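Residue strings, one per chain:
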Amino acid sequence: MLVSELKPWEEILGYLDGEGRVFIVGCKGCAEVCQTGGEAQVAEAKQKLEEAGKTVTGSTVVDFLCDKALVKLRLMPHEEEIVAADSLLVMTCGVGVQATAAVVDKVTHPACNTVNQGGARGEWRGSERCRECGDCLLDMTGGICPITACSKSLINGPCGGAKDGRCEVEPDVRECGWQLIYERLKKLNRLDRMKEIVPPKAYSKMEPPKHLRSTIMWALEQQEKEVPAP
Amino acid sequence: MSLRDKLASGKFVVTTEVGPPKGVDIEEMSKNAGLLKGKIDAANVTDQQSSVMRLGSLAGCYLLKQWGLEPVFQATCRDRNRLALESDFLNAYVMGIENALCLTGDHVSLGDHPDAKPVFDLDSVSLLQAVKELEQGHDLGGKELKGSPHFFLGASVTPGADPVEPQILKMEKKVKAGAQFFQTQAMYEPKQFEEFMKSVSHLNVPVLVGIVLLRSAAMARFMNKNVAGIFVPESLIEEMDKAEKKADKGIEIAARLINEMKDMCQGVHIMAIGMEDRVPAILTAAGL
């Protein structure tokens, strides 16, 4: 399971600064279990946004937001509401935010921090898209994760090592993550996000408590330990 | 006069690079330093360039100072986390090193220790910020320092990158974070450099144009294929190819490029990559 926790509301509202109309996307998978992106949290988010003076153009909760093909299918009936919105607030793990960004040409704000994936990668399996850093930066980077997309995990822009849009590390198979981010932000008319200095990451957040770092099997193993072998 | 003072006074400055040895035999490094003494304004000491393990920048800077040169401490984020980097800037200061160039660094996979763990805890922008914090008397942990260091802080930029806009956006961040001068990646196209300088003129920060001395046509082709942000035009490659005396031709081209670009910027940074002994000849040929 991909464990996520809700970002502080002031941080989320900060992302939405200058945007009046928002479409909310939730997730019936892990985010519902974590109570960060299920029906109840989407309803709560709608209320919070309206209290802050925003118009919620619509909302939906997708079975598995990490399944890119499914996201596209599920968002299609909401096309008008999405087109009417300035941006999307996506309430799920980092993979789900990126899957949404990949199918919608709108700004996608993450509402959650992904704390641990418990060995799972979500349903968009083609590549590693989230490193459970616990302090999601997808809002700054147009919905493309710089921690996984950049081989140096740089958070303040590209190094000088890209050539023809390819990364210096594996040029044959790896695109420059920051070039992808740059092109995406340019397309969304949000290049100003690349001008903001991102402070050093709190790597302590990548060391969550053991119970969050483990799968459900870990809890069972703990119980087994308590029962002495016959 | 220090590098900072010279740039402030409007003097066109010359910096170059000294690559420390792989090992502890510093004889050649010392000989090269002797050749450069009095002819250049400052010399960068590379920080395990291309991720190849060698004598470090800090010790190299200390040696250059003893040999009468003004060093520029190159610090990359590749090998040290924020504790080690902050500490090394304190180390540099107590050794009397006044200039530093804050870099991200090449990936370890490109060097001779590809299995090493790449660090990149900070990046070039946050390293500049960290040093600024130290200058203001506290570290990244927010703790107060007993005596704070002061540096003339530099950064790098790749004017030949395609697209160049992300480089410029990052350059703006570097200035905001504390960069006081820039040394560029190698430039072989004055027109492209002129355009770049126009697009960063609002930053009002001194830029030292990077010149990489050519050894041969093969080297130029290799750089075109493998080194990001470097493009040697075919006309220069042909010139190198046809030249009988490759060394002289390389020097002539470097001097010509310097003369074509010196009115566009505030200085030149010559990277001779193992041919440091040819730097004085470049300066003579360029009339510097």
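Bear in mind the structure is a predicted one, so any value in this text is a computation, not a measurement.

Asks: So, the overall build of chain B: which residues are in play, and what are the values?
Replies: Counting its regular elements, chain B contains eleven helices and eight strands. For chain B, whose C-alpha radius of gyration is 18 Å, the value lies close to the compact-globule estimate of 19 Å for 288 residues. Projecting the C-alpha coordinates of chain B onto the three principal axes gives extents of approximately 60 × 45 × 45 Å. Sorting the 288 residues of chain B into buried and exposed places 48% on the buried side. When contacts within chain B are restricted to residue pairs at least 6 apart in sequence, long-range pairs at least 24 apart make up 77% of them.

Asks: Requested: an account of the sheet that holds strand 5 (residues 107-110) of chain A, with residues and values cited.
Replies: Residue and element names in this part refer to chain A. Taken in spatial order, the four strands make up an open sheet running 3-2-4-5, and their pairing is parallel. This sheet does not close on itself; its edge strands, each paired only once, are strand 3 (55-62) and strand 5. Across the sheet, the mean angle from the axis of one strand to that of its neighbour is 25°, orientation sign disregarded. Pairing between strand 4 (residues 87-90) and strand 5: four bridges, direction parallel. Residue pairing in the sheet places L88 in a bridge with T108 of strand 5. Taken strand by strand, helix 6 (residues 94-103) contacts strand 2 (21-27), strand 4 and strand 5, and its axis lies near 170° from that of strand 5.

Asks: Which residues make up the nonpolar core, and what are the values?
Replies: Counting 137 residues, the largest nonpolar core has M91 of chain A together with A100, C102, V131 and I211 of chain B as its most contacted members. Domain assignment of the residues forming this core places at least three in each of domain 1 (1-139) and domain 2 (142-198) of chain A. The residues contacting V131 of chain B, other than those within four sequence positions of it, are F89, A100, C102, F151, L153 and G178 of chain B.

Asks: Requested: an account of the pairing of strand 2 of chain A, with residues and values cited.
Replies: All names here are of chain A. The buried fraction of strand 2 amounts to six of the seven residues, a majority that puts the element mostly inside the structure. Relative to strand 3, strand 2 runs parallel, the two being bridged by seven bridges. Bridging across to strand 3, I24 finds its partner in S59. Pairing between strand 2 and strand 4: four bridges, direction parallel. The residue bridging F23 from the neighbouring strand is L88, located in strand 4.

Asks: Talk me through the sheet that holds strand 2 (residues 42-45) of chain B; I want residue IDs and the actual numbers.
Replies: An order of 1-2-3-4-5-6-7-8 (chain B) is seen for the eight strands of this closed barrel, with the pairing classed as parallel. The sheet shows a mean angle of 25° between the axes of neighbouring strands, direction not considered.

Asks: Outline helix 3 (residues 57-66) of chain B, listing residues and values.
Replies: All names here are of chain B. Where helix 3 is concerned, the buried positions are S57, L58, G60, C61 and L64. Burial along helix 3 is one-sided: seen end-on, the buried residues are contained in an arc of 160°. Check the buried side of helix 3 and you find it contacts strand 1 (13-18), helix 2 (27-36), strand 2, strand 3 (71-76) and helix 4 (82-94). Taken from the residues just after helix 3, G68 is the one with a positive phi, measuring 90°.

The rules we used
- In every chain, residue numbers begin from 1 and rise along the written sequence.
- Throughout, the order in which chains and ligands are written sets their labels, letters from A for the former and numbers from 1 for the latter.
- Local features in this predicted model are restricted to residues whose pLDDT is 70 or higher, and side-chain atom pairs enter the listing and the counts only when it is 80 or higher, whereas totals over whole chains, interfaces and linings include all residues.
- Helix and strand definitions follow DSSP, with helices as H or I runs of at least four residues and strands as E runs of at least two, each counted in order from the N terminus.
- Throughout, the radius of gyration refers to the C-alpha atoms, and the reference size of a globule is 2.2 Å times the residue count to the power 0.38.
- Using C-beta atoms placed from the backbone, we call a residue buried if 20 or more other C-beta atoms fall within 10 Å of its own, exposed if 12 or fewer do, and partly exposed for counts in between.
- With C-beta atoms placed from the backbone, a contact is any residue pair whose C-beta atoms sit within 7 Å.
- Any two strands with at least two DSSP-identified bridges between them are counted as paired.
- To obtain an axis, a line is fitted to C-alpha atoms, over the contacting stretch when the element is a helix, and the angle between two such axes runs from 0 to 180 degrees between their N-to-C directions.
- Note on definitions: a nonpolar core is a set of buried residues drawn from Ala, Val, Leu, Ile, Met, Phe, Trp, Tyr and Cys, linked by C-beta atoms within 7 Å.
- Residue ranges assigned to the domains are those given by an automatic or database domain assignment.
- What the arc describes is the spread of directions from the helix axis to the C-beta atoms.

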